[in-house]
Amino acid sequence: MWKYIGIKECNEFLLSLNLLDCDDEKKYIKTLYSISNNIEKNYKIYKIKKRNGKYRTIYEPNSILKNIQKKILENILNNESISKYAKAYHKGISLRDNALPHTGKKTILKLDIKNFFESISFLDVYESCFPIEYFPKSVGMLLTYLCTYDEHLTQGSPTSAYISNLVMKSFDEVLGKWCEEKNINYTRYSDDMTFSGDFNPTEIITKVRKMLIKLGLHLNNDKIHVVDKSHNQSVTGIVVNEKVQVSSNYRRKIRQEIYYIKKFGLNSHLHRIKYSGNERAYLNQLYGKILYVLQINSSDLEFDEYRKFILDLKKVHS
């Protein structure tokens, strides 16, 4: 379709994507190519320490590139469907949706993809998101450059999450169908894969490992977990033994905070825990935690009472 398209037509195609708020067409085109040709200069790179002591590298695009990526996400990528097994980075999908299929199951297997974003290559992004069937080659390449760094996907870009779902779509569909045939539940939340039912974990691990290798991806051998129903089964932080529920430890901490507020008063409680912020900020944080519990289990009457209690406090301290 695009075999005989020229520079003029490619530029017109780029203009139609509305990636920049710029009325000057020449400046619009020049800016896009200038950024894509110097992509490394448009990122701030820093590391965040993880709970295990290791570090996660974050690539933060500057404001211009970030806005371009948001436009790519809104105007192009969001129009592409993802697999029903993908439960992250999509409007209307929550952690609860990822946990719900695994409720009350005999066995849960949790697998993790090693260096997930960094292992998704420039070619993976190009072929999955901007293929020649729908984009002139030069435009598809340009868009891919705008969404990658050093020829791989990054953590920190607005487009990376949805792109990862598009890259993994075929994988999810094939693996999901295989699991359904064996009466196994499967979901993927970013790099976390969860399987539940009555099965042989080794069979699944072998299957997934082989499929990932074909994509240039690898299992994280340090994060393979098999949990039976006699133990605390959690999926992306949500307990699923009998019903979807936030962990008892998370709930207990909130319950304790409410108790001390009621017993000593808000100001005395904040003084006792040496909270450095103001009352309003603390109440907003606590209210958010309570809403998270209710998001996972909306019928939790105890935490709905806490919600009302904090709402009344917020009115007093507004």
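Everything that follows concerns the structure shown earlier in this document.
Keep in mind it's a predicted model, so treat the numbers as computed, not measured. (Residues numbered from 1 in each chain as written. Predicted model: local features only at pLDDT ≥ 70, side-chain atom pairs only at ≥ 80, totals over all residues. Heavy atoms only, no water.)

**Q** What is the right way to read helix α7 (residues 160–167) from this model?
**A** Within an α-helix, residues lying three or four positions from one another point in the same direction, as the helix has 3.6 residues per turn. The element α7 is largely enclosed, with a buried count of 8 among its 8 residues. By the burial criterion, the buried members of α7 are S160, A161, Y162, I163, S164, N165, L166 and V167. As for α7, its buried residues are in contact with α3 (63–75), α5 (122–129), α6 (137–147), α8 (169–181) and β4 (185–189). (Buried < 20%, exposed > 50% of the residue type's maximum accessible area, 1.4 Å probe, protein only. Helix = DSSP H or I, 4+ residues; strand = E, 2+ residues; numbered from the N terminus. Contact = heavy atoms within 4.5 Å.)

**Q** What am I meant to see in the side chain of N220 here?
**A** Within the secondary structure, N220 is located in the loop between α9 (201–214) and β6 (225–228). Within the structure, N220 has its side chain in polar contact with the backbone nitrogen of D222 (distance 3.0 Å). Filtering out sequence-adjacent residues up to four positions away, N220 remains in contact with D112 and K114. (Polar contact = N/O pair within 3.5 Å; in protein donor to acceptor, adjacent residues only side chain to side chain.)

**Q** Could you clarify how one ought to interpret the packing of α5 against α7 in this entry?
**A** Between two packed helices, what matters for the description is the angle formed by their axes and the separation of those axes. Contact geometry for α5 and α7: axes closest at 9 Å, N-to-C directions at 75°. The orientation of α5 relative to α7 falls into the category roughly perpendicular. Of α7, the residues touching α5 (which contributes D124, V125, S128 and C129) are I163, L166 and V167. Classifying every residue of the contact of α5 with α7 gives 5 nonpolar, 1 polar and 1 charged. (Axes fitted to C-alpha atoms, helices over the stretch in contact; angles between N-to-C directions. Parallel < 35°, antiparallel > 145°, perpendicular 65-115°, else oblique. Nonpolar A, V, L, I, M, F, W, Y, C, P; charged D, E, K, R; others polar.)

**Q** Could you clarify how one ought to interpret the pattern of salt bridges in this entry?
**A** Pairing between side chains becomes possible if they bear opposite charge and their charged atoms approach one another. Inspection of the entire model under this criterion finds 13 salt bridges. Of the charged contacts, one joins D172 and R188 as a salt bridge, the two residues approaching to 2.8 Å between their closest N and O atoms. Remark: R188 occurs in strand β4 and D172 occurs in helix α8; sequence separation between them is 16 residues. Each member of the pair, D172 together with R188, is buried. The shortest N-O distance in the salt bridge between D300 and R251 comes to 2.5 Å. Of this pair, D300 sits in the loop between α12 (279–296) and α13 (301–316) while R251 sits in helix α10 (residues 248–264); the two residues are 49 residues apart in sequence, bridging distant segments of the chain. A residue is classified by how much of its surface remains accessible, and D300, at 7% relative accessible area, is buried. Looking at R251, the relative accessible area reads 12%, which means it is buried. When salt bridges with common partners are traced through the structure, they connect R251, R255, D300 and E302 into a single cluster. (Salt bridge = Lys/Arg side-chain N within 4 Å of Asp/Glu carboxyl O.)

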